[in-house]
Amino acid sequence: MAIERTFAIVKPDAVQAGHIGEIVTAIEQSGLKVVGLKLTCLTPALCQGFYHEHVGKGFYAELEAFMCEGPVVLMVLEGEGAILRWRELMGATNPAQAADGSLRQRFGTHIGRNATHGSDKPESAKFEVSYFFSAFEQQ
Ligand code: DAT
Ligand code: MG
């Protein structure tokens, strides 16, 4: 499998609850490398560009309000098959359906408050990494 880069977010619920460290630890213990990292707050405009595929859906207003309610940690992760591996570590979108021990099962509380984000395919990973990180900000 090829070395890939993927994009990850520790969402506002998990930052507010004090789970940044546990999530970064899970990433590093899985063998994925953190090659870019920053803490910031999203704005509605940034959120709309990032989640462009979901703008206009019934849950979008709730998603935007949630993503802008407090700080987030943005990361670029690297490793063999990183895109799928990070999705597996996170678990299913709905924490109620996420596998035992997955991050969304451990730290998510609701489908709309699910603790982490991960790119779902190579094209999204490329777009999402470059949306938030310049080449200079990635190792
Ligand atoms: P994922 O984050 O697993 O890639 P997605 O791309 O389908 O899932 O949706 C993006 C985010 O939007 C998701 O993490 C949480 C929110 N969301 C999705 N479906 C939802 C729904 N039915 N109700 C509320 N929030 C939802
Ligand atoms: Mg998605």
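Located above this text is the structure these notes cover.
As the structure is a computational prediction, the values presented were derived from the model and not from experiment.

With that settled, the discussion passes to the environment of R113. Its location among the elements puts R113 in the loop between α6 (103-107) and β4 (116-118). Separated by 20 residues in sequence, R113 and T93 place their C-alpha atoms 9.5 Å apart. Sequence-distant contacts of R113, that is, excluding residues within four places in its chain, are made with D13, F66, E69, P95 and G108.

This next bit is on the packing of aromatic side chains. Overall, the coordinates contain eight aromatic pairs when judged by the stated rule. A centroid spacing of 5.6 Å and a plane angle of 65° characterise the contact between F7 and F50, whose relative ring orientation is edge-to-face. Taken together, the positions of F7 in strand β1 (residues 3-10) and F50 in helix α3 (residues 44-50) put the pair 43 residues apart, joining distant regions of the chain. Judged on exposure class, the residue F7 and its partner F50 are both buried. Relative to F132, the ring of F7 lies with its centre 5.3 Å away and its plane at 15°, an arrangement referred to as stacked. Taken as a pair, F7 in strand β1 and F132 in helix α7 (residues 122-132) lie far apart in primary sequence, 125 residues in all. On the accessibility criterion, F132 (10% relative accessible area) is buried. Aromatic rings pair up to connect F7, F50, Y51, F127, Y131, F132 and F133 into one cluster. Over the aromatic face of F133 sits the side chain of K38, whose NZ or CZ is 4.4 Å from the ring centroid.

So, on to helix α4 (residues 60-67). What sets the pattern is the α-helix's 3.6 residues per turn: residues three or four places apart point alike. Taken together, the buried positions of α4 are Y60, L63, E64, F66 and M67. Taken down its axis, α4 places every buried residue within 165° of arc, on the same side.

Cut-offs applied
- Residues numbered from 1 in each chain as written.
- Chains lettered and ligands numbered in written order.
- Predicted model: local features only at pLDDT ≥ 70, side-chain atom pairs only at ≥ 80, totals over all residues.
- Heavy atoms only, no water.
- Helix = DSSP H or I, 4+ residues; strand = E, 2+ residues; numbered from the N terminus.
- Contact = heavy atoms within 4.5 Å.
- Phe/Tyr/Trp six-rings, centres within 6.5 Å; stacked < 30°, edge-to-face > 60°.
- Buried < 20%, exposed > 50% of the residue type's maximum accessible area, 1.4 Å probe, protein only.
- Lys NZ or Arg CZ within 6 Å of the ring centre and 35° of its normal.
- Arc of directions from axis to C-beta.

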